[in-house]
Amino acid sequence: MKGFREFLLRGNVVDLAVAVVIGGAFGAVVKELVSDFLTPLIGIPGSLDLTAEKFTVRGADFRWGAFVNAVITFVLIAAAIYFVVVVPMTRLNRMRSKTAIATTRPCPYCVSDIPVAASRCAFCTSEVTPS
């Protein structure tokens, strides 16, 4: 029981549980964004229902309309995720990395990372000029 308790209280399990819950809620938001805003915007009205379209071969129904509908929904959801989440986060990360102050620099002799204010390399013990 102690091992199970330690497993549950590890940070990874809690982070994963939070991610699943947030992911489910975010999935609902993205689905509504696609169905209520993007689908009407590109001109696929609600009257066009492909899910009923099918063809029959030797008594087996192949619902091609449901597949096409699922592909269209997938592409719209992927586009929404890309333009609403990925692009802004990429820009934010770029802005954050530009404003970050460097705390290390490479040693000119062994190319190891040393603190900016160091006067001697901790790896090769060469004297370096402090920045």
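Preceding this paragraph is the structure being described.
Below you will find a few notes about this structure.

**A look at the overall build of the chain**
(1) Moving on: For the chain, the count of helices and strands is three helices and four strands.
(2) Moving on: Listed by position from the N terminus, the elements making up the chain come as α-α-β-β-α-β-β.
(3) Moving on: The proportion of buried residues among the 131 residues of the chain is 11%.
(4) Moving on: Long-range pairs, those at least 24 residues apart, make up 20% of the contacts in the chain between residues at least 6 apart in sequence.
(5) Moving on: For the chain, the accessible area works out to roughly 10500 Å², and carbon and sulfur atoms hold 67% of it.

**Details of the nonpolar core**
(1) Moving on: Counting residues in hydrophobic clusters, the biggest one holds five residues: Cys 107, Ile 114, Ala 118, Cys 121 and Val 128.
(2) Moving on: Residue contacts for Cys 121: discarding those within four places in its chain leaves Cys 107, Cys 110, Ile 114, Ser 126 and Val 128.

**Things to note about the packing of aromatic side chains**
(1) Moving on: According to the stated counting rule, one finds two aromatic pairs in the structure shown.
(2) Moving on: For the ring pair Phe 55 and Phe 62, a centre distance of 5.1 Å and an interplane angle of 15 degrees mean the geometry is stacked.
(3) Moving on: For the pair Tyr 82 and Phe 83, a centre-to-centre distance of 4.9 Å together with 80 degrees between the ring planes defines the contact as edge-to-face.
(4) Moving on: Among the residues examined, Phe 83 registers a relative accessible area of 57% and is labelled exposed.

**Focus on the pattern of salt bridges**
(1) Moving on: In this structure the tally under the stated criterion is two salt bridges.
(2) Moving on: Among the salt bridges present, the one from Asp 61 reaches Lys 54, with a minimum N-O distance of 3.4 Å.
(3) Moving on: Given the relative accessible area of 45%, Asp 61 is considered partly exposed.
(4) Moving on: For the salt bridge of Glu 127 with Arg 120, the shortest nitrogen-to-oxygen distance reads 3.1 Å.
(5) Moving on: Glu 127 gets classed as exposed once you look at its relative accessible area, which sits at 56%.

Calculation rules
- Residues numbered from 1 in each chain as written.
- Predicted model: local features only at pLDDT ≥ 70, side-chain atom pairs only at ≥ 80, totals over all residues.
- Heavy atoms only, no water.
- Helix = DSSP H or I, 4+ residues; strand = E, 2+ residues; numbered from the N terminus.
- Buried < 20%, exposed > 50% of the residue type's maximum accessible area, 1.4 Å probe, protein only.
- Contact = heavy atoms within 4.5 Å.
- Areas by Shrake-Rupley, 256 points an atom, 1.4 Å probe, with all protein chains shown as cover.
- Core = buried A, V, L, I, M, F, W, Y, C linked by side-chain atoms within 4.5 Å.
- Phe/Tyr/Trp six-rings, centres within 6.5 Å; stacked < 30°, edge-to-face > 60°.
- Salt bridge = Lys/Arg side-chain N within 4 Å of Asp/Glu carboxyl O.

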